[in-house]
Amino acid sequence: MEEREAKVREREQLRRERAELGKACLGRELRVPLRNPSRTLWVFAVLLVLGFALGASVGITRGGKAGLGLAGFGVVLLACGIYAAVLARRFGARQDLAIVLGLRTLTVPALPLARGGTVEIAYEELEGVTLLPAGHRLVHVLRTSDGLVPLLLDRLPRAEKDTKLPLRIHVRAALARRRPRLSAARLAAVEAQILHDGPSLGALVTMNDGVPEVITVLRDEAHLGAWLLSGELPAGYEMICAADVLDPLGDALRDAIGAMVEVGDGPAKVKRANAADGER
């Protein structure tokens, strides 16, 4: 009885592994929506309108120069509230506020965000992801043949902070310039190795209507045996060993220092050296 329950728990664990990898869209298009400021702007708009109402009522009640000044300040608040409401409505209607990792191109929102629009970059034109100082912090930017494009990782939802998005972008860009091109299954296996923490034997990959799905990243031979005995493997699956992706993975990670910096709750801080430190 206990052995049967252990097998059931093991199968459930294997199914969870497959489901989690499926959400990562390995080797497929990945769309990561960014936090929309519409709700925050609506709150500001309401507060500013309330400030106008308060300033106008107090100004009318008090009268005189002080009352006129309060009423004028209330009008300014009303104008700011109207502007915030216009921005909130504009952002609320946007459906393109997202980072989209396609198989051939990368799409990011254009700046300033209030104007709308997106920037589409072919991976062949993307030289990589790097870090640049901005004030007292470091921010990720896309390095292209035409210049630098900001990567708005500070607007990622909290649940997407650990997706290693910069590294996946850098790897797709590097592999896009590789000839011959990697198959979709090989690309999915490479990305699976990137997201996996710790050593692995390789990845089990299956194709569904031409779309790759990574079933699991194999930790060791015992893990492989568990999958083989589970009855959960679909027909036509392929095992792509770690050795099969080492070369393309190594090429893709070259000059990827900025991309390998994980996205935390806040961007990395810039460390400033004192003059005294340089004299030591």
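The structure under discussion appears in the preceding block.
J.: Before we go on, may I ask you to explain the overall build of the protein chain in this structure?
T.: Of regular secondary structure, the protein chain possesses nine helices and 10 strands. In the protein chain, which comprises 280 residues, the share counted as buried stands at 39%. Of the contacts formed within the protein chain by residues at least 6 apart in sequence, a portion of 61% connects residues at least 24 apart. As presented, the protein chain carries roughly 16,400 Å² of accessible surface, and 57% of it is formed by carbon and sulfur atoms.

J.: Whenever I open this one, the pairing of strand β2 (residues 98-101) confuses me. Can you help?
T.: Working note: regular strand, side chains alternate between the two faces of the sheet. Going residue by residue along β2, you find A98 and V100 tucked away on one face and I99 and L101 tucked away on the opposite face as well. Bridging between strand β1 (residues 30-33) and β2 involves four bridges; their strand directions are antiparallel. In the sheet register, V32 faces β2, and the bridge partner there is I99. In this sheet, strand β3 (residues 105-109) lies alongside β2 in antiparallel orientation, the contact comprising two bridges. Its bridge partner lying in β3, L101 is registered against L106. Connecting β2 to the next strand, β3, in antiparallel fashion are three residues.

J.: Honestly, the pairing of strand β5 (residues 126-134) in this entry has me stumped. Any pointers?
T.: In this structure, β5 lies alongside strand β6 (residues 137-144), joined through eight bridges in antiparallel fashion. Counterpart to L126 in the pairing with β6 is T144. The antiparallel hairpin formed by β5 and β6 contains two residues in its connecting segment, where G135 sits at a positive phi of about 70°.

J.: What should I look at first to understand the sheet that holds strand β9 (residues 211-218) in this one?
T.: Across a sheet, paired strands are connected by hydrogen bonds in the backbone, their directions being either parallel or antiparallel. Taken in spatial order, the three strands line up as β9-β8-β10 in an open sheet, and their pairing is antiparallel. The open sheet has two free edges, formed respectively by β9 and β10 (238-241), since each of these has just one partner strand. Within this sheet the neighbouring strands show an average axis-to-axis angle of 30°, counted without direction. Note: strand β8 (residues 202-208) against β10, four bridges, orientation antiparallel. Opposite V205, over in β10, you have E238 as the bridge partner. Sitting on the sheet, helix α6 (residues 221-230) is in contact with β8, β9 and β10, with an inclination near 125° to β9.

J.: Just to check I follow, could you spell out the side chain of H196 for this structure?
T.: Within the fold, H196 resides in the loop between α5 (184-195) and β8. Looking at H196, its side chain comes within polar contact range of the main-chain oxygen of G198, at 3.5 Å. Every residue in contact with H196, bar those within four places of it in the chain, is listed here: V217 and R219.

J.: Mind showing me how you'd approach a nonpolar patch on the surface here?
T.: Residues V43, F44, V46, L47 and L50 make up a contiguous nonpolar surface patch of about 480 Å² in total accessible area. Along the chain, the position of L50 falls in helix α2 (residues 38-62). By relative accessible area, L50 is classed as exposed at 52%.

J.: Sorry if this is basic, but what is going on with the pattern of salt bridges here?
T.: Side chains bearing opposite charge may pair, as long as their charged atoms lie close to each other. Taken as a whole, this structure holds nine salt bridges when the rule is applied. The partner of E213 in a salt bridge is R18, with the nearest N and O atoms 2.7 Å apart. Linking E213 in strand β9 with R18 in helix α1 (residues 2-23), this pair joins segments that are 195 residues apart in sequence. Residue E213 is classed as buried on the basis of its relative accessible area of 14%. Overall, R18 belongs to the partly exposed group, its relative accessible area being 22%.

J.: When you look at the sheet that holds β5 in this model, what are you seeing that I'm missing?
T.: Taken together, three strands build an open sheet; the order of strands is β5-β6-β7 and the sheet is antiparallel. Looking at the sheet topology across the chains shown, the edges are occupied by β5 and β7 (147-150). Here the average twist between neighbouring strands, direction ignored, is 40°. Bridge count for β6 against β7 is four bridges, and the pairing is antiparallel. Paired with L142 across the two strands is V149, which belongs to β7.

J.: What's the story with the nonpolar core in this structure? I'm lost.
T.: The nonpolar side chains of a soluble globular protein tend to be buried, and buried together. Formed by 36 residues in total, the largest nonpolar core has its most connected members in I99, L106, L142, L165 and I169. The set of elements that each furnish at least two residues to this core consists of β1, α3 (64-92), β2, β3, β5, α4 (165-176) and α5. Among the elements that line this core, the one with the most residues is α4, at seven residues. Beyond its immediate sequence surroundings of up to four residues, L165 is in contact with L30, V32, I99, L101, L153 and L156.

J.: Quick question: what am I supposed to make of the side chain of S38 here?
T.: Positionally, S38 belongs in helix α2. A polar contact is formed between the side chain of S38 and the backbone oxygen of A88, at a distance of 3.0 Å. Each residue touching S38, except ones within four places of it in the same chain, is listed here: A88, F91 and G92.

Definitions and cut-offs
- Residues numbered from 1 in each chain as written.
- Predicted model: local features only at pLDDT ≥ 70, side-chain atom pairs only at ≥ 80, totals over all residues.
- Heavy atoms only, no water.
- Helix = DSSP H or I, 4+ residues; strand = E, 2+ residues; numbered from the N terminus.
- Buried < 20%, exposed > 50% of the residue type's maximum accessible area, 1.4 Å probe, protein only.
- Contact = heavy atoms within 4.5 Å.
- Areas by Shrake-Rupley, 256 points an atom, 1.4 Å probe, with all protein chains shown as cover.
- Pairing = 2+ DSSP bridges.
- Axes fitted to C-alpha atoms, helices over the stretch in contact; angles between N-to-C directions.
- Polar contact = N/O pair within 3.5 Å; in protein donor to acceptor, adjacent residues only side chain to side chain.
- Patch = residues over 30% accessible without salt bridge, like charges linked within 9 Å, V, L, I, M, F, W, Y side chains within 5 Å.
- Salt bridge = Lys/Arg side-chain N within 4 Å of Asp/Glu carboxyl O.
- Core = buried A, V, L, I, M, F, W, Y, C linked by side-chain atoms within 4.5 Å.

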